[in-house]
Amino acid sequence: MSESIVFAQLDDGVASVTINRPSTRNALSREVMEDLIDTLTEVADRTDVRAVILITAGHVFSSGHDLTEIRGADLETQQTTFDACARLMQLIRSIPQPVIAQVQGVATAAGCQLVATCDLAVAAESARFATPGVKIGLFCSTPMVALSRAVPAKQAMRMLLTGDFVSAQDALKFGLVSDVVADADLESATLELALKVASASSATVALGKAAFYEQRELPVADAYARMSQVMADNAVAADAQEGIDAFLTKREPQWQHRR
């Protein structure tokens with residue numbers, strides 16, 4: 001791991017991954033994205049991590065791509081940058097641990113994409129979100145992939161076509177974030193949510209996360225057929241049988257956390 005990314009074990013299966021580039025407003029440079037990919041790839045294999053909080057240092061969550069890298073770059077270099085971004089976003093969705101964004105300040109362009117990609121997002125009341133690429137002639141096409149899957153079409157298009165900021169409360173209403181809390185409570189509220197997620201069987205959570213994104217892309221009939229298989233497989237797993245028995249006998253389950 002490089003100085004741009006900081007990994008920290010917190011408590012009870014929760015870890016934090018911090019983008020530590022406040023001087024650049026935590027811009028997603030190629031280096032930062034590659035370092036984040038390396039870190040999350042390592043995290044994916046850690047059985048002691050059951051939930052991840054994605055944090056950024058300073059007063060801005062992320063300003064998006066580093067425009068100093070995009071200015072003047074040739075087509076091959078541009079493609080390399082946006083391919084790295086696509087790999088990062090897909091990795092966040094594919095690792096077994098739920099990833100929770102802790103959002104302060106502003107999240108713009110690819111920074112907004114990062115929020116939309118995370119499984120959950122807790123925003124400070126003062127946080128704001130935008131996809132302002134249209135204002136500089138660079139439409140937020142890759143951010144649109146995550147945004148349009150998190151936010152209703154008309155609201156996504158309004159953000160993309162105007163570049164206007166939306167408030168944390170509007171982001172909550174649209175579905176871009178899952179929680180909005182007082183600025184002073186952001187860190188504690190995010191950790192509380194992460195601990196709640198981490199308290200479940202990690203095997204069950206990993207299965208459920210993968211199943212959620214798989215079924216969402218399928219036609220309804222295919223989704224039901226596939227999820228019937230998934231749920232049957234889940235039902236015979238050790239942690240499911242333990243959880244059912246614990247519920248019926250009114251005791252706390254003892255998870256094995258086997259994936």
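Preceding block: the structure.
Residues numbered from 1 in each chain as written. Predicted model: local features only at pLDDT ≥ 70, side-chain atom pairs only at ≥ 80, totals over all residues. Heavy atoms only, no water.

Draft legend 1. Quick look at the overall build of the chain. Of the regular secondary structure elements, the chain holds 11 helices and 9 strands. The C-alpha atoms of the chain give 19 Å as radius of gyration, which agrees with the globular expectation for 259 residues (18 Å, within 12%). Taken along its principal axes, the extent of the C-alpha atoms in the chain is 65 × 40 × 35 Å. Classification of the 259 residues of the chain by burial places 47% in the buried group. A separation of at least 24 residues holds for 70% of the contacts in the chain among residues at least 6 apart in sequence. Of the roughly 12900 Å² of accessible surface on the chain, a fraction of 56% belongs to carbon and sulfur atoms. For the chain, the separation between the mean place of its 22 positive charges and that of its 32 negative charges on side chains is 5 Å. (Helix = DSSP H or I, 4+ residues; strand = E, 2+ residues; numbered from the N terminus. Rg over C-alpha atoms; globule rule 2.2 N^0.38 Å. Buried < 20%, exposed > 50% of the residue type's maximum accessible area, 1.4 Å probe, protein only. Contact = heavy atoms within 4.5 Å. Areas by Shrake-Rupley, 256 points an atom, 1.4 Å probe, with all protein chains shown as cover. Lys, Arg positive; Asp, Glu negative; His and termini not counted. Charge placed at Lys NZ, Arg CZ, Asp CG, Glu CD.)

Draft legend 2. Main features of the sheet that holds strand 8 (residues 166-167). Strand order in this open sheet of 3 strands is 5-7-8, and the pairing throughout is mixed. Looking along the sheet, the strands with just one partner apiece sit at the ends: strand 5 (106-108) and strand 8. Relative to strand 7 (residues 128-130), strand 5 runs parallel, the two being bridged by 3 bridges. From the neighbouring strand, V106 faces strand 7, where its bridge partner is R128. (Pairing = 2+ DSSP bridges.)

Draft legend 3. Seen up close, the packing of aromatic side chains. All told, the structure shown has 1 aromatic pair when counted by the stated rule. Ring geometry for F212 against Y213: centres 5.1 Å apart, planes inclined by 85°, an arrangement best described as edge-to-face. A cation sits over an aromatic face here: R128 above F165, 4.0 Å from the ring centre. (Phe/Tyr/Trp six-rings, centres within 6.5 Å; stacked < 30°, edge-to-face > 60°. Lys NZ or Arg CZ within 6 Å of the ring centre and 35° of its normal.)

Draft legend 4. Structural detail: the pattern of salt bridges. Inspection of every chain in the model, using the stated rule, returns 10 salt bridges. As a salt-bridge pair, D48 and R46 come within 2.9 Å of each other at their nearest N and O atoms. Where D245 meets R251, a salt bridge forms, and the shortest distance between an N and an O atom there is 2.8 Å. Judged by its relative accessible area of 37%, D245 is partly exposed. What makes R251 partly exposed here is its relative accessible area of 34%. Each of E242, D245 and R251 takes part in salt bridges that share partners, so that together they form one network. (Salt bridge = Lys/Arg side-chain N within 4 Å of Asp/Glu carboxyl O.)

Draft legend 5. Up close: the nonpolar core. V17, V103, F129, L176 and V177 are the most contacted members of the largest nonpolar core, which totals 53 residues. Sorting elements by how many residues they give to this core places helix 1 (residues 30-44) first, with 7 residues. Grouped together as the second largest cluster of nonpolar side chains are 14 residues, A51, I53, V181 and L186 included. (Core = buried A, V, L, I, M, F, W, Y, C linked by side-chain atoms within 4.5 Å.)

Draft legend 6. Inspection of the sheet that holds strand 3 (residues 51-56) at higher detail. Taken in spatial order, the 6 strands line up as 1-2-3-4-6-9 in an open sheet, and their pairing is mixed. Two strands in the sheet have a free side with no partner beyond their single neighbour: strand 1 (5-11) and strand 9 (179-181). Here the strands of the sheet are splayed against their neighbours by 20° on average, with no regard to which way each runs. Taken together, the 3 bridges between strand 3 and strand 4 (residues 99-103) define a ladder with parallel strand orientation. Residue pairing across strands places V52 opposite V99, the latter belonging to strand 4. (Axes fitted to C-alpha atoms, helices over the stretch in contact; angles between N-to-C directions.)

These figures come from the coordinates and say nothing about function on their own.
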